[in-house]
Amino acid sequence: MPDTTNPTSSPYRPSVLVTGATGNLGREIVDRLAVHGAHMRCLVRDQGAPRPGVEWVVGDLTDPGAVREALVGIDAVFLIWPLLDSTAAHDLIAELTTAAPRVVYLSSTAIDDEAARQSDPIGQVHADMEALLHEAGLRPVVLRSDTLASNSRGWVQQVRAGDVVSGPEVARTAVVDERDVADAAVAVLLAPHDQLDYGPHMLTGPEVLSRADQVAHLSAALRRDLRFQVLPAGLARSRMLADGRPEPLVEALIAASVWRRESRRVTDHVERLAGHPAGTFARWAIDHAAEFN
């Protein structure tokens, strides 16, 4: 894979459609593509602020008309599927097949390729989306990301309110900095066709962490005495519902906390794609400490 850390290092300047462009990861990808001079179009639910080199199309991935409009003249698509069911993706897949861009799909390391069914709805929808893309003949580049460090932003209000972060325990994973995932994704989006590696690429951080480990790193970064409190699944469900989270998402998160197996997998795939080692969660916590104050 070529070095894309230098904006002048690659002559390939595709037109890229970014989905999920306003999310934690999507924003990082948009920033990097802008540095590389790629023409960007972002499919978003709400109109974004004007930005040089970025075109906004308002719509969502379940609207074939919006997808068709967004794909005109596009060479590559960074695809994040936002729903917990792949049923509504069939029209999207049809539009992608007609337009035939390079598809870079953000998937999950939770997928077990040997299992007939995945352990939880989140893993299952990613497995289903991978299958749909392959069956359509799109030959996607699959980036299977481990737990994103930015997920810990969900603790901001708890950290501001006190010294206890509570939630369901989840299986330990090699938490990965979303900035590293963005670097890897942009490297693939900008790679010449003859240098593509379709994966799946397993994007992990450098160490396996529990939620208590992550809170400990935040504690050090904030110079506070924080601790993680495990909540039983039923109580965690009640609190998430009370916070206003959609019930299907809550049920999926609880299922993942109960059924997903611990992963001790640590890979060098970030470095292979992005050209630098994956950063630590401790570094992420230091860099984002101000968000928790």
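Here the structure is a predicted model, which is why all the values come from computation and not from measurement. (Residues numbered from 1 in each chain as written. Predicted model: local features only at pLDDT ≥ 70, side-chain atom pairs only at ≥ 80, totals over all residues. Heavy atoms only, no water.)

### A short note on the side chain of Ser-150
- Structurally, the position occupied by Ser-150 is in the loop between β6 (141-145) and α5 (156-161).
- Ignoring anything within four residues of it in the chain, the contact list for Ser-150 reads Asn-24, Glu-178 and Trp-284. (Helix = DSSP H or I, 4+ residues; strand = E, 2+ residues; numbered from the N terminus. Contact = heavy atoms within 4.5 Å.)

### Considering the sheet that holds strand β4 (residues 76-79)
- With parallel pairing, 7 strands are arranged side by side in an open sheet as β3-β2-β1-β4-β5-β6-β8. At either margin of the open sheet sits one strand with a lone partner, and together these are β3 (54-58) and β8 (201-203). Between one strand axis and the next, the sheet turns by 20 degrees as a mean value, whatever way the strands run.
- Pairing geometry for strand β1 (residues 15-19) and strand β2 (residues 39-44), over 5 bridges, is parallel. Note that in β2 the partner of Val-16 across the bridge is Met-40. (Pairing = 2+ DSSP bridges. Axes fitted to C-alpha atoms, helices over the stretch in contact; angles between N-to-C directions.)

### Brief notes about the packing of helix α2 (residues 64-71) against helix α3 (residues 90-99)
- Relative orientation of the contacting elements α2 and α3 amounts to 25 degrees, with a least axis distance of 9 Å. In terms of orientation, α2 and α3 fall into the roughly parallel class. Here α2 and α3 pass one another in a crossing that is right-handed. Between α2 and α3, the contacting residues are Pro-64, Val-67, Arg-68 and Leu-71 on the first element and Asp-91, Leu-92, Glu-95, Leu-96 and Ala-99 on the second.
- Partitioned by chemical class, the residues of the contact of α2 with α3 number 6 nonpolar, no polar and 3 charged. (Parallel < 35°, antiparallel > 145°, perpendicular 65-115°, else oblique. Left-handed = near helix turned anticlockwise from the far one by under 90°. Nonpolar A, V, L, I, M, F, W, Y, C, P; charged D, E, K, R; others polar.)

### Points about the confidence of the model for the protein
- Per-residue pLDDT for the protein averages 92, and the proportion of residues at 70 or more is 96%.
- Low pLDDT, under 50, characterises residues 1-10; the stretch is placed with 24 contacts to residues that sit more than four places away or in other chains. (pLDDT = per-residue confidence, 0-100.)

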